[in-house]
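The lines below spell out each chain.
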Amino acid sequence: MNFHVMTLFPEMFLAADNSILGRAMQKELISIDAVNIRDYTLDKHKKVDDYTYGGGAGMLMQAQPIFDCHKAICDKIGSDKKVRTIYVTPQGKLFDQEIAKELSNEKELIFLCGHYEGVDERVLEEIATDYISIGDYVLTGGELPAMVMIDCISRLVPGVLSNEESAQTESFDDGLLEYPQYTRPEVWMDKKVPDVLLSGHHANIEKWRHEQSLERTKQRRPDLYEKYAHKNMKY
Ligand code: 4GN
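None of these values were measured; they are calculated from a predicted model. (Residues numbered from 1 in each chain as written. Predicted model: local features only at pLDDT ≥ 70, side-chain atom pairs only at ≥ 80, totals over all residues. Heavy atoms only, no water.)

Q: How would you sum up the side chain of Ser154? Please name residues and give values.
A: With respect to the secondary-structure elements, Ser154 resides in helix 5 (residues 143-154). Residue class for Ser154 comes out buried when judged on its relative accessible area of 0%. Among residues more than four places away in sequence, those in contact with Ser154 are Phe3, Leu21, Ile30 and Val160. (Helix = DSSP H or I, 4+ residues; strand = E, 2+ residues; numbered from the N terminus. Buried < 20%, exposed > 50% of the residue type's maximum accessible area, 1.4 Å probe, protein only. Contact = heavy atoms within 4.5 Å.)

Q: A description of the site of the ligand should follow, citing residues and the corresponding values.
A: Around the ligand sit 18 residues in total, of which Ser133, Ile134, Gly135, Tyr137 and Leu139 are the nearest. In the environment of the ligand, a nitrogen atom lies 2.8 Å from a nitrogen or oxygen atom belonging to the backbone of Leu139. Within the complex, the protein chains bury 94% of what would otherwise be the 400 Å² of accessible surface of the ligand. Assessed atom by atom at 2 Å from the grid points, the ligand resides in the second largest pocket. By residue number, the principal contributor to the shell around the ligand is strand 5 (residues 85-94), which donates four residues. When its residues are assigned to classes, the shell around the ligand shows nine nonpolar, eight polar and one charged. (Near = heavy atom within 4 Å. Polar contact = N/O pair within 3.5 Å; in protein donor to acceptor, adjacent residues only side chain to side chain. Areas by Shrake-Rupley, 256 points an atom, 1.4 Å probe, with all protein chains shown as cover. 1 Å grid on protein atoms, 1.4 Å probe; cavity = no way out; pocket = protein on both sides within 12 Å on 5 of 7 lines; lining within 4 Å. Sits in = over half its atoms within 2 Å of the grid points. Nonpolar A, V, L, I, M, F, W, Y, C, P; charged D, E, K, R; others polar.)

Q: Lay out the layout of surface pockets with the relevant residues and their values.
A: Looking at the second largest pocket, its volume works out to about 440 Å³. Mapped by element, the contributors of at least two residues to the lining of the second largest pocket are strand 5, helix 4 (121-127) and strand 7 (130-133). With five residues, strand 5 is the largest single contributor of residues to the lining of the second largest pocket. When its residues are assigned to classes, the lining of the second largest pocket shows 13 nonpolar, 10 polar and two charged. (Points joined across faces, edges and corners; volume = space filled by probe spheres on them.)

Q: Kindly report on unusual backbone geometry, identifying the contributing residues and their values.
A: Omega for the peptide link from Arg184 to Pro185 comes to 5 degrees, which places this bond in the cis form. Structurally, the position occupied by Pro185 is in the loop between helix 6 (163-170) and strand 8 (187-188). A positive phi angle, close to 60 degrees, is found at Glu28, a residue other than glycine. Along the chain, Glu28 falls in the loop between helix 1 (19-26) and strand 2 (31-36). The backbone of Asp190 shows a phi angle near 65 degrees, a positive value even though the residue is not glycine. Looking at the element boundaries, Asp190 is found in the loop between strand 8 and strand 9 (191-192). The class of Asp190 is exposed, set by a relative accessible area of 79%.

Q: So what's going on with the nonpolar core? Which residues, and what values?
A: Phe3, Ile30, Phe95, Leu103, Leu109, Phe111 and Ile153 are the most contacted members of the largest nonpolar core, which has 25 residues in total. Looking at this core, the elements that each hand over two or more residues are strand 1 (2-7), helix 1, strand 5, helix 3 (97-103), strand 6 (108-113) and helix 5. In terms of residue count, the dominant contributor to this core is helix 5 (six residues). With residues up to four places along the chain from it excluded, the contact list for Ile30 reads Met1, Phe3, Leu21, Ala24, Met25, Ser154, Val157 and Val160. Listed in part, the 19 residues of the second largest apolar core include Met6, Ile37, Ile66 and Val83. (Core = buried A, V, L, I, M, F, W, Y, C linked by side-chain atoms within 4.5 Å.)

Q: Any details on the environment of His210? Residues and values, ideally.
A: The residue His210 is located in helix 8 (residues 202-220) in this model. A relative accessible area of 26% means that His210 is categorised as partly exposed. In this structure the C-alpha to C-alpha distance between His210 and Leu176, which are 34 residues apart in sequence, comes to 9.0 Å.

Q: Before we move on, can you summarise helix 8 with the specific residues and values?
A: Given a rise of 1.5 Å per residue, 19 residues ought to cover 27 Å, and the 27 Å separating the end C-alpha atoms of helix 8 matches this to within 8%. The complete set of buried residues in helix 8 reads Ile205, Trp208, Ser213 and Thr217. Burial along helix 8 is one-sided: seen end-on, the buried residues are contained in an arc of 160 degrees. Every exposed residue of helix 8 that faces more than 90 degrees away from the buried side is listed here: Ala203, Lys207 and Gln219. On its buried face, helix 8 sits against helix 7 (195-198) and helix 9 (222-231). (Expected span 1.5 Å × (residues − 1). Arc of directions from axis to C-beta.)

Q: Which residues make up the pattern of salt bridges, and what values do they have?
A: Under the criterion given, the structure shown has 14 salt bridges. We note a salt bridge from Lys76 to Asp33, for which the minimum N-O separation is 3.2 Å. Of this pair, Lys76 sits in helix 2 (residues 63-77) while Asp33 sits in strand 2, and the two are 43 residues apart along the sequence. Exposure remark for Lys76: the relative accessible area of 62% places this residue in the exposed category. Its relative accessible area of 24% is what places Asp33 among the partly exposed residues. A network of salt bridges, in which partner residues are shared, links Arg84, Glu102, Glu106 and Asp130. (Salt bridge = Lys/Arg side-chain N within 4 Å of Asp/Glu carboxyl O.)

Below, the structure written as structure tokens:
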């Protein structure tokens, strides 16, 4: 999977080079190419923003540099199909594991990270195929949301996680929160690891974990619990 990111702050994407994604990049399972939109401005002062028509506070990113940057990325990819181009925005569809799974099937993905008050609508109409938000809050730029999505999508690309790491995720009860986990020591601050986990009785351990998942989901995420209960209703 090749990620192409249009941004005014390409250095921010060096932060994506952590242990798991770093390993995936070395293995060439993924690549992240952060492209500076400013390199494509035709303005002699390298300006990429301007005032909004109709007035109001703040500046907008102009269409031309973004369009030319997108064109350069598409030419470089050289595919005959249209490449999915995600505008990261609080006005988008809410990102979740299902969207991540769907996007992980693409070979190339382009992200557009906005700044200031946003982007001229006309260039979005020309290049954006998807409008996606990571949650109902506003950040100063689209870079962090793009990194969240890239991280989440990358770990679904075959080979990025070890078998152990992916088996761990797949074993989670579909739609429930994870059960509590413990590592050494057996006693810490007078708190003992639950006996069942030390018993070696695998059926009991599985049953305990499922109960814990159910209880935790009911307490912390009643919305998910309702969905799960409904889905598993037997008539
Ligand atoms: C996306 C972008 C939050 C999200 C953003 C989100 C940058 N904040 N919830 N900020 O996924 C105006 C121009 C705000 C771009 C945008």
